[in-house]
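Residue strings, one per chain:
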Amino acid sequence: MDIDKKIQHLTERLSYIKDIFGTKQAENVRLLETRLEEFVQRENALPAKEKLAAVTTIEDLFGFVERKLETELTPMDKVRIVRHSQRICLRDILENVYDNYTEIGGKDENSIDPSMLIARAYITRRSGKKTYHQPVMVIGQEKGHGEEFRNGGSVKPWGNAKALQYMKVAETEDIPVHTYVFTPGSFPVEDAPGAAQQIAKNLYEMAGLRVPIISVFSEGGSGGAEAIGLADIRLMLSHGYYSVISPEGAAAIEGRLRSGDRAGGELIEKCAMQLKMTSDDNVRMGYIDHAIDEPPMGARPYHYDFFRRLRQEVIRATDEVVLSVKGFTPFRAMALRRRRGKTIEDLDIENIYVRWSLSPAARATLLQKRHKKFLRLSRQAFLDRRPYFRRFSAWWYDKGWDIYSYFKYDLWRKHQKQLIYAVEEVDAEARVLVEKVLRPWRKLTNALPTAQGKDDSKERELTMLSQWDKEDEARNGEWSYVSGRAKEDRAITCPNAATHGCLDLWAPDLFGEFAGVCNYCGHHFPMEYQWYLHNIFDPGSIFEFNSEVESANPLGFEGLDVKLEEAKKKTGLKSACTTFEARIDNVKVVVAMLVAPFRGGTVGAAEGEKFIQAAERAKKKRFPFLAYVHGTAGIRIQEGVNGVIQMPRCTIAVRRYIDAGGLYLVLYDTNSYAGPLASFLGCSPYQFAIRSANIGFAGPGVIKETTGMDIPPDYHRAYRALSRGHIQGIWDRRDARHNLRQALLTMGGRNLYYR
Amino acid sequence: MLDITKLLEEIKASPYEEVVIHAPHTGIVSFAGLKEGDRVVGPTGMWKEIPGTRLATLDRERNKKPILSVEKGVVAKVHSELEGTFVEAGTPLLELRHYLSKDEVLGIILKKALYLFSAPERAKYYFAPDADKKIKASGPKAVTVHDGQELFIMSRMKREAALNYSGPEGVIYAVYFQHNENVDAGAPLIGVCPPDQVGMIEDVVIRVQTEWVEQD
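Calculation rules
- Residues numbered from 1 in each chain as written.
- Chains lettered and ligands numbered in written order.
- Predicted model: local features only at pLDDT ≥ 70, side-chain atom pairs only at ≥ 80, totals over all residues.
- Heavy atoms only, no water.
- UniProt positions renumbered as here; feature names shortened; annotations may be inferred.
- Domains from an automatic or database assignment.
- Helix = DSSP H or I, 4+ residues; strand = E, 2+ residues; numbered from the N terminus.
- Buried < 20%, exposed > 50% of the residue type's maximum accessible area, 1.4 Å probe, protein only.
- Polar contact = N/O pair within 3.5 Å; in protein donor to acceptor, adjacent residues only side chain to side chain.
- Axes fitted to C-alpha atoms, helices over the stretch in contact; angles between N-to-C directions.
- Parallel < 35°, antiparallel > 145°, perpendicular 65-115°, else oblique.
- Contact = heavy atoms within 4.5 Å.
- Nonpolar A, V, L, I, M, F, W, Y, C, P; charged D, E, K, R; others polar.
- Pairing = 2+ DSSP bridges.
- Phe/Tyr/Trp six-rings, centres within 6.5 Å; stacked < 30°, edge-to-face > 60°.

Identification of chain B as Biotin attachment protein from Desulfovibrio psychrotolerans is taken from an unreviewed UniProt entry.

An unreviewed UniProt entry annotates chain A as Acetyl-coenzyme A carboxylase carboxyl transferase subunits beta/alpha of Desulfovibrio psychrotolerans. Per its UniProt entry, chain A bears the Catalytic activity (unreviewed entry) comment "N(6)-carboxybiotinyl-L-lysyl-[protein] + acetyl-CoA = N(6)-biotinyl-L-lysyl-[protein] + malonyl-CoA". Quoted verbatim from the Pathway (unreviewed entry) field of the UniProt record, the comment on chain A reads "Lipid metabolism; malonyl-CoA biosynthesis; malonyl-CoA from acetyl-CoA: step 1/1."

Structure (structure tokens):
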């Protein structure tokens, strides 16, 4: 019986090796295969004792070959390991790493989203003679071992919402959160609230979650991974991958394939190599804190030693986070540090006891440390060619503003506010009294015939909605920037002509006077970003900063250097993000503008850094912060994790700004998709769109590719985004200036800021 | 009384619908190089989002507008003498032959043979409860209607009014409206057939189903 089980087990190990390597390593596979077959044929003839000896020999051989193959694994092999149905899944971890657990809100396919698994679990540890049960909230994507209903770990929005809900529960209960990332990416449905919007919410909340978060990455696919991956310590399994996109997806983009075509194996291997997605790469770049060694050829459910190691690692990580923010813990912290890098036999974390609940002060420190940790990341991944003295003076300028804003807003403004409130109270009381005293006199004067009707034009201007033909008469319908396309002598047909009966438009009219808006049906043709620069902000008020920060090629991705040079030459910009201070009707704002002509407005390390700097500047100067998204295609995949890390980084920057009392507005223009939308743009409480906008998580091609679903042609239109609750309003392009001014005044206040 | 056999023979004699493509507006026409006998397709896709075959292009004010096929069929005639010339709106450019499908033939025959009762205004329509019960139990053909019978409920914004049928007595042979969907004014609601002709119409349906050869 026992022998049969062992043979079964060895057969599984063999098929696993075959699956991982495919046609490669044929010799080794054949060796194992023949030895196993030989044994199976001889088996019945052998006496019991020899049977056992023979099977042990074969097991040793398997172990030897696996160790040998381990050294030859390519990144793409690791991807196949991670995707294999024999790989450990979250259920296995819950069974083997935690001492007890209760799954919350799920029973296999009967769950709001079976691919997201939540469990309240215990870790029991003994210190001296005492036993402690330490509760944790375990959250992670569950792939199962090939269970179709789990959708391969691709989480739908409501699965991420469930995760967020229980993170908040953990915060209330003051217990740490352990997240396990097992996802190839999020499921791109746009049903309310939308895939992107929900991930953005998760990121925003995690940036301020006041309990320790430890995450363990096995398969970290882009947005789906970020939805639960913003953590104080990020661990990674040594055979895992963490990447901005799957190698197949990258190959499809790199090979410029039409939808439906499949990329060749070689190109996929090459992309996997270039994306630098393995644990070693990520530890080296600093996006992962520690890698956890797996057994040769990756962890499978029977590797009990590995589970023990994983248990020690998550306990140590949680201890480390807690001790680093607690007040007095010198010996324990030292003991923990000394155990880093030790082999599993020497590791005995469990007899050091650390209470995992935190005091309010420690919670505040925790957040600060988390923010700092993320803001520091990816600073090496862009170019800054400023000479040292310029950088130094910029640093001093920054510090100066720090000090100034501390005195002006933190010290003086606080007292000033109290004073103002007191005066207001007295004033209001006095008014009531005066009103009563003067009432007889008023009655008398009102009765006299000289009383005039009051002028209500001001009131109307402030309270009525804008009408395009009446707005901003000073411009007389002439724009200070006119699109170059207005010089073409030709007519253009509105795409709605068939349904709305629009007449042909003459290009000089359309792009000149009409600002790219069909004046029969209101269809918005896309416009250049310069149009907005010149027609929305007060003339001459734009002051650009950080323009020297340049997009680079941190991974040395083949061909990206040339493409970047081309983009820089074509647009005259150094990255897809321009940041500037400007005024709208004399209200000062800090603007970060993502510009579509520069590589589709994709966000990489340089763009992220500029965005963060802009948010910090707005925070220091107490200006409103406007993200003007002329267009973004998502994260720049050629930058790999350097790009995707901008999602949590920028969200943290935005969160810090909003928490400090700032007004963060987002305005979408042409096409806005993917990563940025699923993080720092989507988390804004005030998001608006120009009518020409398309907003969504994944484009139609990607949705077809990943889910096999055809989507209606208007799936990503701004009106759809409005009806699923993503954005808060849709504006006419010609009204953008007026509406922005209105938004700033109603949501901010004339002298800025709303808190 | 309509001679259905004759009608069917007529359709059989010319099983095509001739579609003439006119210039929608003025401009210089350039054909897409289609010859007589070439196959073209109309818009396809779940939402008709994939445009049909391009037949020609009209250029006006350097604004090139494609003329696309609206139906599946075969090019019957190309007015290629117009290539490169300025045409006025309404000038015939091409002729397509659209071979009628089974459903289309049936539709044509039924609409001619049946008495169509139309919606008086844009609203949602439901059958009155007693008719509804019968239809649910044994299909629309089980219901015989007569002039003045209260047959429908017309529903606008939750305000409901009864609607009486007016027309010849007969059985409901076809139902053209959908539950919970608005029907435009003038669109047919039901097709009614005199009781003695039901057998004959069913005969025709079977004949069309069996005899009509779909050409693709």
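Back to the text.
So, about the domain arrangement of chain B. Often the size quoted for an interface is simply the accessible area lost on bringing the parts together. When cut into domains, chain B gives domain 1 (15-99) and domain 2 (103-211). Taken over C-alpha atoms, the centre of domain 1 of chain B sits 37 Å from the centre of domain 2 of chain B.

Turning our eyes to something else, we now look at the side chain of A:R125. Residues and elements named next belong to chain A. Mapped onto the elements of the fold, R125 is located in strand 4 (residues 116-127). The class of R125 is buried, set by a relative accessible area of 0%. Only 2.7 Å separates the side chain of R125 from the side chain of D319, close enough to count as a polar contact.

Residue and element names in this part refer to chain A. Packing of helix 9 (residues 247-254) against helix 10 (residues 265-274) leaves a shortest axis separation of 8 Å and a crossing angle of 110°. With respect to helix 10, the axis of helix 9 lies roughly perpendicular. Across from P247, E248, A250, A251 and E254 in helix 9, the residues of helix 10 making contact are L267, I268, C271 and A272. Here the contact of helix 9 with helix 10 is composed, by residue class, of seven nonpolar, no polar and two charged.

Residue and element names in this part refer to chain A. The step from A192 to P193 runs through a cis peptide bond, and the omega angle for that step is 0°. The topology assignment puts P193 in the loop between strand 6 (177-183) and helix 7 (195-206). One non-glycine residue, R622, lies in positive phi territory at about 55°. For A674, which is not a glycine, the phi torsion comes out positive at approximately 65°. Secondary-structure assignment places A674 in helix 24 (residues 674-681).

On to the side chain of A:K568. Turning to its location among the elements, A:K568 is positioned in helix 20 (residues 560-571). Every residue in contact with A:K568, bar those within four places of it in the chain, is listed here: A:E550, A:S551, A:L573, A:K574 and A:F598.

Taken in spatial order, the four strands of this open sheet run 5-4-2-7 (chain B), and their pairing is antiparallel. The strands lining the two open edges of the sheet, one partner per strand, are strand 5 (63-68) and strand 7 (86-87) of chain B.

The residue B:K77 is located in strand 6 (residues 73-78) in this model. In this structure, B:K77 is in contact with B:E36, B:L93, B:L94 and B:E95, ignoring residues within four places of it in sequence.

On to the packing of aromatic side chains, then. For the coordinates displayed, the defined rule picks out 26 aromatic pairs over all chains. Centre to centre, the rings of A:W531 and A:Y532 are 5.3 Å apart; their planes meet at 75°, and the pair counts as edge-to-face. Across the pair, exposure class does not vary: A:W531 and A:Y532 are buried alike. A ring pair is formed by B:F127 and B:F177, whose centres lie 5.3 Å apart and whose planes are at 50°; its orientation type is tilted. You can see B:F127 sitting in strand 10 (residues 123-127) and its partner B:F177 sitting in the loop between strand 14 (170-175) and strand 15 (182-183), a full 50 residues away along the chain. Just as B:F127 is buried, B:F177 falls in that class too. Three or more aromatic residues link up through ring pairs in this structure, and these residues are B:Y115, B:F117, B:Y125, B:F127, B:F152, B:Y165 and B:F177.

For the rest of this paragraph, the subject is the domain arrangement of chain A. Assigned domains within chain A: domain 1 (2-72), domain 2 (82-375), domain 3 (387-425), domain 4 (484-523) and domain 5 (529-748). Each of domain 2 of chain A and domain 4 of chain A was reduced to a C-alpha centroid, and the two centroids are 52 Å apart.

The next subject is the sheet that holds strand 9 (residues 115-118) of chain B. Residue and element names in this part refer to chain B. Across the sheet, four strands lie side by side as 9-16-14-11; this open sheet has antiparallel pairing. For this open sheet the edge positions go to strand 9 and strand 11 (144-145), each flanked by a neighbour on one side alone. Most of the contacts of helix 4 (residues 198-211) go to strand 14, to which it runs at about 25°, and overall it touches strand 14 and strand 16 (188-193).

All names here are of chain A. Turning to its location among the elements, K619 is positioned in helix 21 (residues 605-621). What makes K619 partly exposed here is its relative accessible area of 22%. Taking C-alpha positions, K619 is 9.5 Å from V590, a pair spaced 29 residues apart along the chain. When near neighbours in sequence (up to four residues on either side) are disregarded, K619 contacts R656, Y657 and A660.

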